[in-house]
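Observations on chain architecture
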Amino acid sequence: MRLPIYFIGAGPGDPELITLKGKRLIDNADLVIYTGSLIPDALIQGLKAEIHDSSGLRLSEIMDLMIAAWNDKKRIVRLHTGDPAIYGAIKEQMDALSMHRIPFEVVPGVSSITAASAALKAELTVPGVSQTVIITRLAGRTPVPQKERLESLAHHQATMMILLSAGMIDSVVKELMDGGYPGDTPVIVLEKVTWPEERIIMATLASISDKIRALNIHKTAIIAVGKAFGAEAAGRRSMLYGEDFRHGCRE
């Protein structure tokens, strides 16, 4: 029987942050295609599967590997970093499989975004401070729609988690400030969150650029921006556990 091809989110870096389902599937796979330097070695060492690093492969080469293995009735895993739904580049792979009428499933993973909030012991949504989280990136080699430029999104003053942009920190700061964030807005850059070499740099919007350049951080980093990470969020409480807040489970 031919099984579906599984796209699996490996998590942000800590090998224990893959789901139980994802771990079971890679342990039993015949072919694992994984995302190069972004997947910890601990997840692929000792596997019985044939293993391919996709970092040097084109889409056509990845598809040739998967299609040939599927035709041979092998168990196939495409292992992506974090959660594949966020900048995972899986849509073109799923489209190609659909053209060949090959079934597939997606197993979600722990995103680096939620891993970052855990590392900071912070809540991204704080009552009265921010109830919206914007996940985005700065335009670079991959453009973004004009209405989704950082400067435009900054007008909302929401919590922002900016990926794939640490190497352009000066442009990030300029667009955020042009969009309305004040210079004293808390900014935290998390490099390789959950990895042994994790680094967390706390600053303000006005001071973050110098710190990031001095530390030579230019990739594999998240830029967290917003009042949810600052003093304004301290001591805030939700209504959920209030003494006089009634709901279906508590009178």
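Scroll up a little and you will see the structure.
We now turn to the structure provided with this report. Residues take numbers from 1 onward in each chain, read along the sequence in its written order. Given that the model is predicted, a residue must reach a pLDDT of at least 70 before its local features are reported, and side-chain atom pairs must reach 80 or more before they are shown or counted; all residues, however, enter totals for whole chains, interfaces and linings. Excluded from the side-chain calculation are hydrogens and water; included are all heavy atoms of the structure.

Some words on the overall build of the chain
Along its length, the chain carries eight helices and ten strands. Based on the C-alpha atoms only, the size of the chain along its principal axes is roughly 60 × 50 × 35 Å. Three exposure classes are used, based on accessible area relative to the maximum for each residue type with a 1.4 Å probe and protein chains only: buried under 20%, partly exposed in between, and exposed over 50%. Split into buried and exposed, the 251 residues of the chain put 43% on the buried side. Contacts are assigned to residue pairs that have any heavy atoms within 4.5 Å of one another. Put simply, of all contacts in the chain between residues at least 6 apart along the chain, 68% involve residues at least 24 apart. Working definition of accessibility: Shrake-Rupley area with a 1.4 Å probe, residue cover restricted to the visible protein chains. Roughly 13,800 Å² of accessible area belongs to the chain as shown, and the carbon and sulfur atoms make up 53% of that amount. In this count, Lys and Arg are taken as positive residues and Asp and Glu as negative ones, while His and the chain termini are left out. For the purpose of locating charges, the reference atoms are NZ of Lys, CZ of Arg, CG of Asp and CD of Glu. Measuring between centres, the 28 positive side-chain charges of the chain sit 3 Å from its 29 negative side-chain charges. Where helices and strands are cited, they refer to DSSP runs of H or I of at least four residues and of E of at least two residues respectively, numbered from the N terminus.

Side note on the sheet that holds strand β5 (residues 104-107)
The five strands lie next to each other as β3-β2-β4-β1-β5, forming an open sheet whose pairing is parallel. Every other strand in the sheet has two partners, leaving β3 (50-53) and β5 as the edge strands with one partner each. For this sheet the average axis-to-axis angle between neighbouring strands, irrespective of direction, equals 20°. The rule for pairing is simple: two strands pair if DSSP sees at least two bridges between them. As defined by bridge partners, strand β2 (residues 31-34) adjoins β3 across four bridges and the pair is classed as parallel. Bridge pairing in β3 places V32 opposite I51. To obtain each axis, a line is fitted to C-alpha atoms, and for helices this fit is confined to the stretch in contact; angles are then taken between N-to-C directions over 0 to 180 degrees. Contacting β1 (5-9), β2, β3 and β4 (76-80), helix α3 (residues 59-71) runs over the sheet at an angle of about 165° to β2.

Some details on the packing of aromatic side chains
Between 30 and 60 degrees the pair is tilted, below 30 it is stacked and above 60 it is edge-to-face, where a pair is any two Phe, Tyr or Trp rings, Trp via its six-membered ring, whose centres lie within 6.5 Å. Scanning all chains against the criterion turns up one aromatic pair. Measuring from centroid to centroid gives 6.1 Å for F7 and F104, while their planes differ by 90°, and the two rings are edge-to-face. With F7 in strand β1 and F104 in strand β5, this residue pair connects regions lying 97 residues apart in the sequence. Under the relative-accessibility criterion, F7 is labelled buried at 0%. Look at NZ for Lys and CZ for Arg. If either is within 6 Å of the ring centre and within 35 degrees of the ring normal, a charge sits over the ring. The cationic tip of R2 hangs over the ring face of W70; the distance from NZ or CZ to the ring centre is 4.6 Å. Of note, K192 hangs over the ring of W195, and the distance from its end group to the ring centre comes to 5.1 Å.

A look at the nonpolar core
Core analysis: the largest hydrophobic core is formed by 25 residues, its most contacted members being M160, I162, V172, L176, I208, I223 and V225. Elements with a contribution of two residues or more to this core: α6 (150-153), β7 (159-163), α7 (169-178), β8 (186-191), β9 (199-204), α8 (208-215) and β10 (221-225). Nonpolar cores are built from buried Ala, Val, Leu, Ile, Met, Phe, Trp, Tyr and Cys residues. Side-chain atoms within 4.5 Å join them into one set. If you look at the next biggest cluster of nonpolar residues, it comprises 17 residues, including L25, Y34, I44 and V77.

A word on α7
Note that an α-helix has 3.6 residues per turn; residues three or four places apart therefore point the same way. Restricting attention to buried positions, one finds in α7 the residues I169, V172, V173, E175 and L176. Buried residues along α7 sit in contact with α6, β7, α8 and β10. Positive phi shows up at G180, right after α7, with a value of about 125°.

A closer look at the side chain of R78
Residue placement: R78 occurs in strand β4. Of the side chains with opposite charge, D53 comes closest to the buried, unpaired R78, at an N-O distance of 7.4 Å. Contacts described as polar in this section are N or O atom pairs within 3.5 Å, which, within protein, must combine one atom able to donate a hydrogen with one able to accept it, while residues neighboring in sequence count only if both atoms come from side chains. Only 3.3 Å separates the side chain of R78 from the side chain of S54, close enough to count as a polar contact. What R78 contacts, discounting residues up to four positions off in sequence, is Y6, F7, I8, I33, Y34, T35, S54, I62, M66 and Q93. What counts as a salt bridge is simple: a side-chain nitrogen of Lys or Arg found within 4 Å of a carboxyl oxygen of Asp or Glu.

Points about the sheet that holds strand β6 (residues 133-137)
Two pairing modes exist for strands in a sheet, parallel and antiparallel, and in both the strands are linked by backbone hydrogen bonds. Ordered by their spatial adjacency, five strands build an open sheet running β6-β7-β10-β8-β9, and the pairing between neighbours is mixed. Two strands in the sheet have a free side with no partner beyond their single neighbour: β6 and β9. Geometrically, the sheet is characterised by an average inter-axis angle of 20° between neighbouring strands, direction not taken into account. In the sheet, β8 pairs with β10 via five bridges, with the strands oriented antiparallel. Bridge pairing in β10 places I188 opposite A224. Along the sheet, α8 makes contact with β8 and β9, crossing β9 at roughly 155°.

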